[in-house]
Structure formats: C-alpha cells, structure tokens
Amino acid sequence: MKLNISVSAKKRGEMMTAVSFTPNSPTIYATCDDQTLCSFGADGDEESTPADLGAHITSISWFPPAGKTVVDMFAASCTDGTLRFFKKNGMLEKKIQAHDGAAICVEWNLDGSSLVTSGEDGEVKVWSRNGNLRSQLATYPTPIYALSFSPSSTSLLLANGNKLIILPLASNKQKTVTWEACSSGVVTCCDWNNVSGLIVSGGEDCCYRVYDSFGLPLFTSNPHEHVITSVAWRPNSSLFAVGSYNVIRLCDKTGWTVCKNNPATGSIVKCKWSSDGTQLAGACGGGVVIFAQLVDRTLEYGNVTATLTDPKKIQISDVTSPNSFDELDFPRDRVVEFSLGHDHLVVATATQCFIYESPNYNTPQIFDLRNPVNLIVLAPKSFAVVDTVMGVTVYNYEGRQLSAPRFQGLRPEFLSADHVSLSHDVIAILDQTDFKTIRCFDILTGRPLGNNGEVKHDQEITKISLSLFSTSSMDRRLVFIDSNKELFITPTAQLPGVQKKFAIQKLLTQVDTVAWNDTSDLLACVADSRLTVYYYPHALYVDRDLLSQSVESHDASSFGSHPQILSFFGNTITVRRSSGAVLTRTVPPYPALLYEYAAGGRFKDCVKLCRYIKSPQLWATLAAMAIYHQDLDSAAVALSATKEVDKLQYIKYIQSIASSEIRNAEMMLYKRCPEEAESILLQVRERGAYWERSDRPSRLRRGPSVASTTGAKRPRVIDIRNGAYWERS
C-alpha cells in the first residue's frame, strides 16, 4: 500500500494554512495566508478563481452532512480572534468575536449540533450551529494548539503545552484525564479515531505517539528530523497520516510505517482525508496543496491476489499462473472499497457495485449504489455493504438485495470489520450506542433472531466473529473479545436445554486476535504469546472435558505484541505482527476432513481417519462430534481411544436403554441440560414406569410403578431436582 503524490500547479502566497474536503463531493478547499480560498478537483486541478475571505484563516471545518443534504457552509477560525461562517463561494455569513488573540482551532461535532473553538488565550468554548455561545468549557494558561471530538461527541481531546487532555463536555461523573504527550516542547497536533477510539498525537520532540482512549501509551516513534506538524486518522480504518517538513507518512494503528513520501513542499501544516478514505490532502508551508491517492492495496484469498494499481484499476493475478493476469478497469468512477474472499471479488466505486466470480472476471454482476460504501463484508453465500446513509444492506452474489437490518441507534459511520460479521444465515452487528450489546438478524428477512436478537455482555465488546461452516442456525456460533481481552462464545439460536444466562461461555483470556476457518468450524486465536486452535469449539456445550482435549497450542512469541490474524483460509493462518511483517502458520488438514465426513453422516470414515492419524486431539474432536450428532457407536470408539472410561461406560449404558425418549433424556443429562431432560420425560406416556433416585446423580433407571404396589391408578408426576429423578405424589 502506498500514496500516489501530486502537487498543485500554482503557488499561492507564502503558505497554505488549512485544507478540507467537502462532505458530499471530492472537491478540496484550502486557505492561504493571502486571505484567499482556493478550490481543487479530485485530480488536483484548480476549479475556480480564488475567493477573497478578508481574514487570515488558521483552521476550517465543514458542516457535517445529514443524509443526502448538500452542505455548502464551513466555519473558520481567524488570527484576529473571530469565528466566521462562510459559504463555499467565500461569501461571509456571520462573524463573531470568539477569543482574545488568535483563534487557533475550530471543529464541528459529529452530528453538527454544535462546534468548539480554542485560541491563544487558552479558552475552550462551545457554540451553537447559529453561532451563539453555549458555554466556556475551560481556561488554560497556555494556548490550545489542537482539538478533536471523541467518537460519541461527549468528550474533547485538547493539546495544551506538552500535555493531552480529555475534557468531558457534560457535567457528569466523568473525570478530566491529563497526561504528558511530548518530552520536549509542545504538542502540535492530535486526532481521535471515531471507530477504534485510538488517539494519535505529534509534537515538537519530532515523535508521533498512539494512545488508547484512556491515555495509555501504545506506541512511540523514533525521533524524526523535523517537528511533527499534522496527523489525521483515515475514516473507518486503522491507518493514519503523519505530516512533517517535506515528509508524509502512512502508518498503521500499531505504529509501523506503511509508506513514506518526501515531497518538496515544506511543512505539511494540516492534512485531511476524504469521507471515503481514498484521498488525502495537505496544506503545505511552501504555498502549495499536496494531493495523495491511496493505491497498491493488496488482498489475498487462496491462490488469487487482487491489487489496486490505480484509483480506477484492479489487477487480478493467480500464483498458479504467474505469467497471466486480469486487469479490471473502472473508467466511470474511482474505486472506493473492494473485498476478496469465498471465490468472489466485490468492488464498490462511487456510484456502482461490481460482483466478480473467480475465475471468470469478464462478466460481472453490476448494480447502482445510492451512496459511497464504507465497508464490505463477505460470506460464503452473500455479502453486506455499509454506507453512512442507508446503513447495512445484505446482497447475494447475483446482486439481489436480501435485507436491510435496522435498529434504533444504528451508527453505520462508526462500523468497522471488527463490528460486523456475516454468515450463511445470520448477520451480527455491534451496537455503537451500547458496546455491551450485539444484535443478530436473519439475513433473508432482516428481522432480529430469537429474543430481540440481542447478545448482552457485562463488559464492552471490541471484536465479534460468526462461524462460517455450518448451514444451520442451531449450529451457528458467535465469538467476541471484550475490553478485558477475554474470549467468549455463544450460540446465535437458543440451544435445547441451555438457559440463556448460561449460553455465553468463556473460552480464553489475554486474547489479542481471533478468526474462524472458512471451510470448517476451527477457531484460531493468539493469546498470551501462544497460538491456540480449537478443533471443535461446540464441544463446550457437549462436554467441557473434551473441549480441553481437542485444542492445539503452539508458542507464538515470534508474533510479538499486538498481532492480528488477517485470514484463516484452508489450513493456513496469516498473522501480521505489530511491526507490519506478515507471518504464516499451518494447521493439520485432518480436522477439516473430519468436519466434511461428519456433515455427510460418514462417521465410519471419521473413525478410520482417526485410527490412521492417531492424534489425541482428533479422537477428542470425534467424540464430541459423535455425541452431539448422537452417533453413540462412534462416540464409544472415540472415548475408548481417549481413555475416558467413565464417559465410555455411561455411553454404553445409554446404548442399552430400549426407549428412545429415555435415551434422549440421558443424553441431555450428559450435556448438563437437566431442564431439557425433564421436558423429555414429562412427555413420556408409558404406563407402569417411573424414575427414582439413583446412586449416580445423572442416571435414570426403571423401577416398579406405584400403581402396581398400591393397586390404584393415579397420574404420575416426575420431579427433578439437582439431577435426581423420583416420583412425586
């Protein structure tokens, strides 16, 4: 991935002071120290004659868009201490005296209901959209050089001296958080990521730093040759741009540099991304505007590689045919987003969506898009697109819309790949207004699953992922990582005998990243410097002892800190280190074969495979699979191989029971589901039989009927307490 750099043809004054993209179009507006406003097209050509603003501008901020409403107004802070509102043609709408000395920063909140200014007088003020002063948040002895809103617009990030300050906007129980963010000099710039909540800053110590939302340091760069003058997060992404003297960098959220360019433009005073994240613009101290296009983005799936070689071209190559490749041209619009996986390539331009099926890239399915796409999520049979106006929409690979899940509080502009997951029949979305809630929907109807389709947790959730292998909603599993880095698993549908409060189970702690396999229900995660692969995570709802035996774990210290699993295709796991290096690990192909055989009911072939491989993890996986599918013969063979004598004895006992209802009840007891066992027994209508307490807490046995001892006929009542069964009169 890299940036294609170009520079405006004409030099305006001594320096450009501010730059910004319009929300609804790729037009770029920049202000100069000669008090003019210049506009540029997406290709960098100047579109119109510069407008005279009548003031020296220090910062500009466009009014946030609301749906399809055309935005033609921006706010500007000026060196004379005024806050001014301009039309896009440079016409002054309103002028307000805001600060003593220069007004340095101005920023709208995310919904456009208010804006904040800061100045050389150290004051931070909140204004209404009409320019009326609402409150003076704080006053500091030194100037505020940068500010940014939190993702929820409830807090404000300030750069004051050598410190960063998180200032709550409302008078609630939130406390002001302050920490040192520059070892020498002052903090010159900062930005707050609306999706991940991460903070990036730069200062006069020539370093840029990354923090979490609580101010804990995650990364500090090596000192550069010159002061860091600007930073900006890419929308809906984990990338950010860093500007300095004759230097612009594209960096990952973990800090490593993706690419570096050295344009001869002087210091990049301000830099801004377009709303779709494909373009970057910078106001430079050399009196020019720098334009950057994000290209060379590469995606891989199996043997296929897709590379964005140009804003309007994608090259497809196959490693099995290195001398041949396909080049896809999009002459109408630039590529906004694309995704590769499950033998399909989905490309979204500014106005259209193209669906390609591998290996035929000549005849795509095409349909029109109403709004630019922020995110594409692929599944085996369908895909979802996310845009800021329509929200989340699910399509099949023929281009037909399946559903458009909606719920109150949906904030599509904040959704990322970690917050949306799609499978054959279910789509899961992390609620952006309550990060403790996951909402699950049927992709065919768009309706919530089960009880309002909600999965609630007691901690905030950072990542969700749905299993991809099974085609049944009863076998669908959802895993998520919370803010404590703990991994949990839960079914998307109510399992028989499993109470809702016990459905969410913890799998592992200190988890950095997790991913499902695309061809089976293998689950891979990196936790505490170890790579752990669960062969059959559903064993947690069958027999927890078998779950611990069906796990493969290896040392993963080579992954370093904060690794990320990029993909888990076939038997290959691709991991990116925090340094940007990409490593691969392989897992045995036999668990995937086991899933294939079990899905077809070929448990005899499963036994043959396990006998040939002689792997304890494989035997435990087969035992759990066979018990879940109630193939007791295969379960008995697998349990004998794992030396689980007590479980083997109990399975043999169940096989000896003649009544199918009682066998089912015994199986529910084995799975620790006494309520479901009770429900089964209460439906039994056999006369002359009751179940009494046994020496084994989970054993049912047939005894003489009460009617046969008393000579009377009366209805039987089965009472079950703590796994014990007896007749209650």
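**Details of the overall build of the protein**
On a plain count of helices and strands, the protein comes out with 9 helices and 59 strands. In terms of overall dimensions, the protein has C-alpha extents of about 105 × 65 × 45 Å along its principal axes. When the accessible surface of the protein is summed, it comes to about 31500 Å², and 47% of that surface belongs to carbon and sulfur atoms.

**Things to note about the nonpolar core**
In terms of nonpolar packing, the biggest core is built from 71 residues, with Leu487, Leu507, Leu523, Ile573, Leu594, Leu622 and Ile627 touching the most fellow members. No other element matches helix α4 (residues 616-628), which puts 8 residues into this core. Those residues within four positions of leucine 523 in sequence are excluded, and the remaining contacts are Val479, Leu487, Leu507, Val514, Ala515, Trp516, Thr532, Val533, Tyr534 and Pro537.

**Observations regarding the sheet that holds strand β54 (residues 572-576)**
An order of β53-β54-β55 is seen for the 3 strands of this open sheet, with the pairing classed as antiparallel. The open sheet has two free edges, formed respectively by β53 (564-569) and β55 (582-586), since each of these has just one partner strand. When strand polarity is set aside, the average angle formed by the axes of neighbouring strands in this sheet is 20°. Looking at chain direction, β54 and β55 are connected through 5 bridges and run antiparallel. Within β55, the residue paired with arginine 576 across the bridge is valine 582.

**What to know about helix α8 (residues 674-682)**
Owing to its 3.6 residues per turn, the α-helix aligns residues three or four sequence positions apart on the same side. Residues Ala677, Ile680 and Leu681 constitute the buried set of α8. One face of α8 carries all of its buried residues, which in axial projection span an arc of 95°.

**Quick look at the sheet that holds strand β43 (residues 437-442)**
Strand order in the open sheet made by the 4 strands is β41-β42-β43-β44, with antiparallel pairing throughout. Edge positions in the sheet fall to β41 (420-422) and β44 (454-456), since each has one partner strand and no second. Going from strand to strand, the sheet's axes swing by 20° on average, the running direction of each strand aside.

**Structural notes on the confidence of the model for the protein**
In the predicted model, the protein carries a mean pLDDT of 85, and the fraction of residues at 70 or more is 91%. Confidence over residues 686-729 falls short of pLDDT 50; this stretch has 82 contacts with residues more than four positions distant or in other chains.

**Observations regarding the packing of helix α7 (residues 660-670) against α8**
Contact pair α7 / α8: the axes reach a minimum separation of 7 Å and the direction vectors enclose 170°. As summarised for this structure, α7 and α8 are arranged roughly antiparallel, according to the angle between their axes. On α8, the residues that touch Glu661, Asn664, Ala665, Met668 and Leu669 of α7 are Pro674, Glu676, Ala677, Ile680 and Leu681. Across the contact of α7 with α8, the residue classes break down as 7 nonpolar, 1 polar and 2 charged.

**Considerations on empty space enclosed by the protein**
Using the criterion set out here, one finds 2 cavities of 30 Å³ or more in the structure. Its boundaries defined by the atoms lining it, the largest cavity holds a volume of some 60 Å³. Among the elements that line the lining of the largest cavity, the one with the most residues is strand β33 (residues 335-341), at 4 residues. The residue inventory of the lining of the largest cavity, partitioned by class, reads 5 nonpolar, 1 polar and 3 charged. What the second largest cavity holds in volume is close to 40 Å³. Every residue along the wall of the second largest cavity is listed here: Thr278, Gln293, Leu294, Leu308, Pro311, Arg334 and Val335. Residue composition of the lining of the second largest cavity, by class: 4 nonpolar, 2 polar and 1 charged.

**A closer look at the side chain of serine 467**
Among the structural elements, serine 467 can be located in the loop between β45 (461-466) and β46 (477-482). Each residue touching serine 467, except ones within four places of it in the same chain, is listed here: Ser423, Asp475, Arg476, Arg477, Trp516 and Asp521.

**Thoughts on the packing of aromatic side chains**
Using the criterion set out here, one finds 23 aromatic pairs in the structure. Plain terms: the ring middles of phenylalanine 383 and tyrosine 395 are 5.7 Å apart, the flat faces sit at 25° to each other, and that makes the pair stacked. Linking phenylalanine 383 in strand β38 (residues 382-387) with tyrosine 395 in strand β39 (residues 391-396), this pair joins segments that are 12 residues apart in sequence. Here phenylalanine 383 falls in the buried class, since its relative accessible area comes to 0%. Members of the aromatic cluster, connected to one another through ring pairs, are Tyr29, Trp62, Phe74 and Phe86. One residue, arginine 297, lies across the ring of phenylalanine 338, its end atom 4.9 Å from the ring centre.

**Comments concerning the environment of threonine 178**
For threonine 178, the position within the fold is in strand β17 (residues 177-180). Its relative accessible area of 43% is what places threonine 178 among the partly exposed residues. Expressed as a C-alpha distance, the spacing of threonine 178 and leucine 167, which sit 11 residues apart in the sequence, is 8.7 Å.

**Comments concerning helix α6 (residues 645-655)**
By the burial criterion, the buried members of α6 are Lys647, Tyr650, Ile651, Tyr653 and Ile654. The buried residues of α6 occupy an angular sector of 155° when projected down its axis, which confines them to one face. As for α6, its buried residues are in contact with α1 (544-549), α5 (632-641) and α7.

**Some details on the pattern of salt bridges**
Per the counting criterion, the structure on display carries 19 salt bridges. Two residues, arginine 334 and aspartate 276, come together in a salt bridge whose shortest N-O distance is 2.4 Å. Of the two residues, arginine 334 sits in the loop between β32 (321-329) and β33 while aspartate 276 sits in the loop between β26 (268-273) and β27 (279-284), which places them 58 residues apart along the sequence. According to the relative accessible area criterion, aspartate 276 is buried, its value standing at 12%. The salt bridge partner of arginine 439 is glutamate 454, with a shortest N-O separation of 3.0 Å. Placement of arginine 439 in strand β43 and of glutamate 454 in strand β44 is noted, with a sequence separation of 15 residues between them. Sharing partners across several salt bridges, the network here consists of Asp431, Arg439, Glu454 and Lys456.

**Overview of the environment of tryptophan 179**
Following the sequence through the fold, tryptophan 179 ends up in strand β17. Once the C-alpha coordinates of tryptophan 179 and serine 558 are considered, the two residues, 379 residues apart in sequence, prove to be 32 Å apart. Other than its neighbours up to four places away in sequence, tryptophan 179 contacts Leu157, Asn162, Lys163, Leu164, Ile166, Ile199, Tyr211 and Gly215.

**Considerations on the pairing of strand β4 (residues 36-40)**
Most of β4 is tucked away, with 5 of its 5 residues classed as buried. Sheet topology note: the strand β3 (residues 28-32)/β4 ladder contains 4 bridges and is antiparallel. Among the inter-strand pairings, alanine 30 is bridged to a residue of β4, identified as cysteine 38. Between β3 and β4, which pair antiparallel in sequence order, lie 3 residues; one of them, glutamine 35, sits at a positive phi of approximately 70°. For β4 and strand β5 (residues 51-52), the ladder comprises 2 bridges, and the chain directions are antiparallel. Note that in β5 the partner of threonine 36 across the bridge is aspartate 52.

**Concerning the packing of helix α2 (residues 590-599) against helix α3 (residues 603-613)**
Where α2 meets α3, the closest approach of the two axes is 8 Å, and the angle between their N-to-C directions is 160°. Taken together, the axis directions place α2 and α3 in an arrangement best described as roughly antiparallel. α2 and α3 meet at a crossing whose hand is left-handed. Taken together, the residues of α3 that come into contact with α2 (itself represented by Tyr590, Leu593, Leu594, Tyr597 and Ala598) are Phe603, Asp605, Cys606, Leu609, Cys610 and Ile613. Taken together, the residues of the contact of α2 with α3 break down into 10 nonpolar, no polar and 1 charged.

Definitions and cut-offs
Residues numbered from 1 in each chain as written. Predicted model: local features only at pLDDT ≥ 70, side-chain atom pairs only at ≥ 80, totals over all residues. Heavy atoms only, no water. Helix = DSSP H or I, 4+ residues; strand = E, 2+ residues; numbered from the N terminus. Areas by Shrake-Rupley, 256 points an atom, 1.4 Å probe, with all protein chains shown as cover. Core = buried A, V, L, I, M, F, W, Y, C linked by side-chain atoms within 4.5 Å. Buried < 20%, exposed > 50% of the residue type's maximum accessible area, 1.4 Å probe, protein only. Contact = heavy atoms within 4.5 Å. Pairing = 2+ DSSP bridges. Axes fitted to C-alpha atoms, helices over the stretch in contact; angles between N-to-C directions. Arc of directions from axis to C-beta. pLDDT = per-residue confidence, 0-100. Parallel < 35°, antiparallel > 145°, perpendicular 65-115°, else oblique. Nonpolar A, V, L, I, M, F, W, Y, C, P; charged D, E, K, R; others polar. 1 Å grid on protein atoms, 1.4 Å probe; cavity = no way out; pocket = protein on both sides within 12 Å on 5 of 7 lines; lining within 4 Å. Points joined across faces, edges and corners; volume = space filled by probe spheres on them. Phe/Tyr/Trp six-rings, centres within 6.5 Å; stacked < 30°, edge-to-face > 60°. Lys NZ or Arg CZ within 6 Å of the ring centre and 35° of its normal. Salt bridge = Lys/Arg side-chain N within 4 Å of Asp/Glu carboxyl O. Left-handed = near helix turned anticlockwise from the far one by under 90°.

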